[in-house]
Amino acid sequence: MPPWPRSPSFFRRAADRLTDAAPGWLVETVRPAPAALEWWPMLRMAVAVTTPLAAGFATGHIVAGLLPAMGAMNAGMADRGGPYRMRIIRMAAAGAAGAVGYLVGAAVRDHGWWVVLAVVIVSVVSALISTGGATGSAAGLQLLVMTVLSIGIELPGSPLLNALAFLLGVGWVIVLGVAEWPLHPRAPEETAVVAVYRALGALLTAGTAGTAGIDGTAGIGTGGAGALTAFDAALKSGYDTVLAARSPAAGLDAERTRLVALLNQASLIRNALLSLSHEGREPPGEFAVAVREITASLSGGPAPRALRHACDSPSMRALCSAVEGAVELVTGADVADEQLPYERVGRRARLRATLESMWYGHLVRVYTVRLGLCMGVAAAISRFGWFERSYWMMLTVALVLKPDFGSVFARAVQRALGTLAGTLIGTLMLLVVPYGALLLVPVAVCAALLPYGVQRNWGLLSAFQAPLVLLLVDLLTRGGPGLGVVRLVDTLAGCLIVLLLGYLPWPTSWEAPVGPRFADAVSATAGYLRYAFDPGHTGRALLRRGVYDALADLRTVFQRAMTEPAVVSRRVTTWMPAMTALEQVADATVATVARTERGASPPPDTAVQNLARCLDDLARDVRAGREPRDPVFCEEKSLERVDSAVRALRDTVSAGRPG
């Protein structure tokens, strides 16, 4: 018998063969996102969940440790990183909503068919709360999840005391989550800024490593388009992290002021690189060295050296100025006013925007009806006693129909496949590990893998979450390995309800919202272009950031739509050329602005306004679903790149008729 092949290439070839044999939509649906193992969040989750259970075993009251463990797990799952303050708010909101949900479920548990009505009402409230950003999303989910669990599992003791025990676990995971705060109060924000400059270094390396730029010229080399996208994503994440950290204050403190200024300088360096690309030139190697030194200094290394380079063109002067500004910020220079554009958004404005989305958003209303319908049907089915633990069916509906978790179809498939794999793993654990304190070992392993699963995809998370839930339920009921079959049947039933009632009958399921997002991004680009060359307009930086935020949102919607069935994803792919053309319009604009600010001739305002009107007209045509009208272009040498990009965008939309 030949020896068992041990080379990793063997397994890669086997995986490739499976990938080739599977349908394309299934491959895209189950493909996990790349993510590195982050050991501290994994260890934190394991300690948070197992400590209450260990205390329960030590005192002989294992049931008393279950609710704190559940509180720690649920609140810990709401921790997605970011500034400490935002993490505390998100975890606390999820925990408080979970405790309220537990009390609601306990209050209606024994009231017959009134339970169905209560589940529907809580589902509607949960859906509306979920519109309030990441915090509202976490709170809405936990409100519904704990209501269902409290209805399905009756624990001994007072419901109020049980809710307090749940909150005790929430407090425990919050303490663990912010343990580093006294020692490193700016750690999340600083890490985000370092990631931006690391991505900027990769962008410069891509430029100096090759000869073909993103638009066919020299400057940003082979692979530069991918490096540019990665930088834009890192920059958006950096702004979100740093600005969220300062939001409760009237302004920025000195350290956060410096971090925001560093982000703005990174954006200026990026734009100068694009401008240099339009001149057909590559960035000199010393600029890549300077950015690496800045990155090292931000990570605790020595201060970067002063940059000395001849600036012989508007684009090179823009690049020199932007890099020198970043070096000065790192070495302790004061922050200039133009280095710190940021938007003040008060609590009232955020609340007003949330309420408007809640009451007037079409997608919110559709999701609310879908969730209420599916949860009501699942609750009604549970009243007939056909399923041994029907609350698992309702939980599946709640989790799969979450609107901000991506494609409903993809989540249903991932949930089913992940639960199948996780159930097999959990059943094996229950067969091998005897009931008792030894069960804490697989509990700790599964809990530690939850943060990693969250980063990869919904299916992998389900594969880790399913055995953990089986183990926790076994600690309560001593149900043994048979729990695996019950869990799998209930989960598949929940997925079936979602697909049959919450997905297939709804027209919005077959129309990915790429077109409206594309039109929004075109409008944002027009708004920036209108004022891009006006040095007296103080909001230019905010408008520019709004363009790239809109493009990032468009890419996210597009990627989610690609996991839908072929009847949807095939139509969505027709948007790709138009998206690329729109990105080239934005990049051509910022590159031309960078040249203009460093000595190039400014374009006449009439030509700029004409191009902005062309983009506005295109956005209106896309929203109306009609053929784009022929615009009147202005031949202007200083706007040659922007004009060409707008023409190409209009021609692409007209020829491709995406949708």
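Rules and cut-offs
By convention here, each chain's residues receive numbers from 1 onward along its written sequence. A pLDDT threshold of at least 70 governs which residues receive local features in this predicted model, and a stricter bar of 80 or more applies before side-chain atom pairs are shown or counted, although totals over entire chains, interfaces and linings include all residues. Remark: hydrogens and water are excluded; side-chain values derive from all non-hydrogen atoms of the structure. In the sections that follow, a salt bridge refers to a side-chain nitrogen of Lys or Arg positioned within 4 Å of a carboxyl oxygen of Asp or Glu. Here a strand is any run of E in DSSP of at least two residues, a helix any run of H or I of at least four, and the numbering for each starts at the N terminus. A 1.4 Å probe rolled over the protein chains alone gives each residue an accessible area, and that area as a share of the maximum for its type sets the label: buried under 20%, exposed over 50%, partly exposed in between. Stacked, tilted and edge-to-face pairs are distinguished by plane angle, under 30 degrees for stacked and over 60 for edge-to-face with tilted covering the rest, among Phe, Tyr and Trp rings (Trp via its six-membered ring) whose centres lie within 6.5 Å. Definition used: whenever NZ (Lys) or CZ (Arg) falls within 6 Å of the ring centre and also within 35 degrees of the ring normal, the charge is taken to sit over that ring. We call a set of buried residues a nonpolar core when its members are Ala, Val, Leu, Ile, Met, Phe, Trp, Tyr or Cys and they connect through side-chain atoms within 4.5 Å of each other. In this description, contact between two residues means that some pair of their heavy atoms is separated by no more than 4.5 Å. Throughout, an axis means a line fitted to C-alpha atoms (over the contacting stretch in the case of helices), and angles, computed between N-to-C directions, take values from 0 to 180 degrees. The cut-offs work like this: below 35 degrees is roughly parallel, past 145 is roughly antiparallel, 65 to 115 is roughly perpendicular, and the gaps in between are oblique. Left-handed describes a crossing whose near helix is turned anticlockwise from the far helix through less than a right angle; right-handed describes the clockwise counterpart. The classification used treats Ala, Val, Leu, Ile, Met, Phe, Trp, Tyr, Cys and Pro as nonpolar, Asp, Glu, Lys and Arg as charged, and all other residues, Gly among them, as polar. Working rule for helices: expected span equals 1.5 Å times residues minus one. One axis fitted to the seven residues ending at a residue, another fitted to the seven starting there: the angle between these axes is the bend at that residue. Without a salt bridge and with relative accessible area above 30%, a residue can belong to a patch; like charges are then joined within 9 Å and nonpolar side chains (Val, Leu, Ile, Met, Phe, Trp, Tyr) within 5 Å. With residues, only the protein chains shown are counted as cover, and all accessible areas are computed by Shrake-Rupley using a 1.4 Å probe. The predictor attaches a confidence to each residue, and that confidence, scored 0 to 100, is pLDDT.

A. Examining the pattern of salt bridges more closely. Inspection of every chain in the model, using the stated rule, returns 11 salt bridges. Between Asp 79 and Arg 44 there is a salt bridge, with the nearest N and O atoms lying 3.1 Å from each other. Of this pair, Asp 79 sits in the loop between α4 (62-77) and α5 (84-108) while Arg 44 sits in helix α3 (residues 39-59), and the two are 35 residues apart along the sequence. Here Asp 79 and Arg 44 have matching classes, each one buried. Here Arg 270 makes a salt bridge to Asp 232, at a shortest N to O gap of 2.8 Å. On the criterion of sequence distance, the pair formed by Arg 270 in helix α11 (residues 254-278) and Asp 232 in helix α10 (residues 224-246) is long-range, its members being 38 residues apart. Taking relative accessible area as the criterion, Asp 232 reaches 12% and is therefore assigned buried. Among the charged side chains, a salt-bridge network with shared partners connects Arg 44, Asp 79 and Arg 87.

B. View of the packing of aromatic side chains. For the structure shown, the criterion picks out one aromatic pair. When the centroid spacing of 5.6 Å and the interplanar angle of 75° are considered together, the rings of Trp 113 and Phe 384 count as edge-to-face. With a gap of 271 residues between them, Trp 113 in the loop between α5 and α6 (114-129) and Phe 384 in the loop between α15 (362-383) and α16 (391-400) connect regions that are remote in the sequence. The class of Trp 113 is exposed, set by a relative accessible area of 51%. Here the basic side chain of Arg 545 rests over the ring of Tyr 239, its NZ or CZ set 4.5 Å away from the ring centre.

C. How the structure looks around the nonpolar core. Of all hydrophobic cores here, the largest spans 90 residues; its most connected members are Tyr 197, Leu 200, Leu 319, Phe 518 and Leu 649. Once you skip the residues sitting within four places of it in the chain, Leu 649 turns out to touch Phe 518, Ala 578, Ala 581, Leu 582, Val 585, Leu 615 and Leu 618. Residues Val 115, Ala 380, Ala 412 and Ala 493 belong to the second largest nonpolar core, which totals 65 residues.

D. Region of interest: the packing of α5 against helix α8 (residues 159-177). As a packed pair, α5 and α8 sit with axes 9 Å apart at the nearest point and diverge in direction by 165°. Taken as axis vectors, α5 and α8 run roughly antiparallel relative to one another. Along this stretch, α5 crosses α8, giving a crossing that reads as right-handed. Side by side, α5 and α8 meet where Tyr 84, Arg 87, Ile 88, Met 91, Ala 92, Gly 95, Ala 96, Gly 98, Ala 99, Tyr 102, Leu 103 and Ala 106 of the first sit next to Pro 159, Leu 160, Asn 162, Ala 163, Phe 166, Leu 167, Val 170, Val 173, Ile 174 and Gly 177 of the second. Taken together, the residues of the contact of α5 with α8 break down into 17 nonpolar, four polar and one charged.

E. View of the side chain of Ser 150. For Ser 150, the location among the structural elements is in helix α7 (residues 133-152). What makes Ser 150 buried here is its relative accessible area of 1%. With sequence-adjacent residues up to four places away left out, Ser 150 is seen in contact with Gly 101, Tyr 102, Gly 105, Ala 106 and Arg 109.

F. Fine view of α3. For α3, which comprises 21 residues, the first-to-last C-alpha distance of 30 Å matches the rise-based estimate of 30 Å (1.5 Å per residue) to within 8%. In the structure, α3 departs most strongly from a straight axis at Thr 50, where the bend amounts to approximately 30° and where the proline Pro 52 lies between one and four residues downstream. Just downstream of α3, Gly 60 is the residue with a positive phi angle, here 80°.

G. Region of interest: a nonpolar patch on the surface. Side chains of Leu 103, Leu 160, Leu 161, Leu 164 and Leu 167 sit close together on the surface and give an oily, nonpolar patch of about 450 Å² of accessible area. A per-element tally of the nonpolar patch places α8 first, with four residues. Residue placement: Leu 160 occurs in helix α8.

H. Just the environment of Thr 419, in detail. Mapping Thr 419 onto the fold places it in helix α17 (residues 408-432). Overall, the relative accessible area of 0% leaves Thr 419 in the buried class. Setting aside anything within four residues of it in sequence, one finds Thr 419 in contact with Gln 414, Ser 462, Ala 466, Arg 487, Leu 488 and Thr 491.

I. Expanded view of the environment of Thr 573. Considering the arrangement of structural elements, one finds Thr 573 in the loop between α23 (566-572) and α24 (576-596). Along the primary structure Thr 573 and Gln 559 are separated by 14 residues, whereas in three dimensions their C-alpha atoms are 9.8 Å apart. Ignoring sequence-local partners within four residues, the contact set of Thr 573 consists of Phe 558 and Met 562.

J. Spotlight on the confidence of the model for the protein chain. Of all residues in the protein chain, 78% attain a pLDDT of 70 or more, and the chain-wide mean is 76. At the level of individual helices and strands, the protein chain shows its lowest average pLDDT in helix α1 (residues 8-21), which scores 45, and its highest in α8, which scores 90. Segment residues 1-22: pLDDT under 50, and seven contacts once partners within four positions in sequence are set aside and those in other chains are kept. Throughout residues 247-252 the model reports pLDDT below 50, and contacts reaching past four residues in sequence, or to other chains, amount to 13 contacts.

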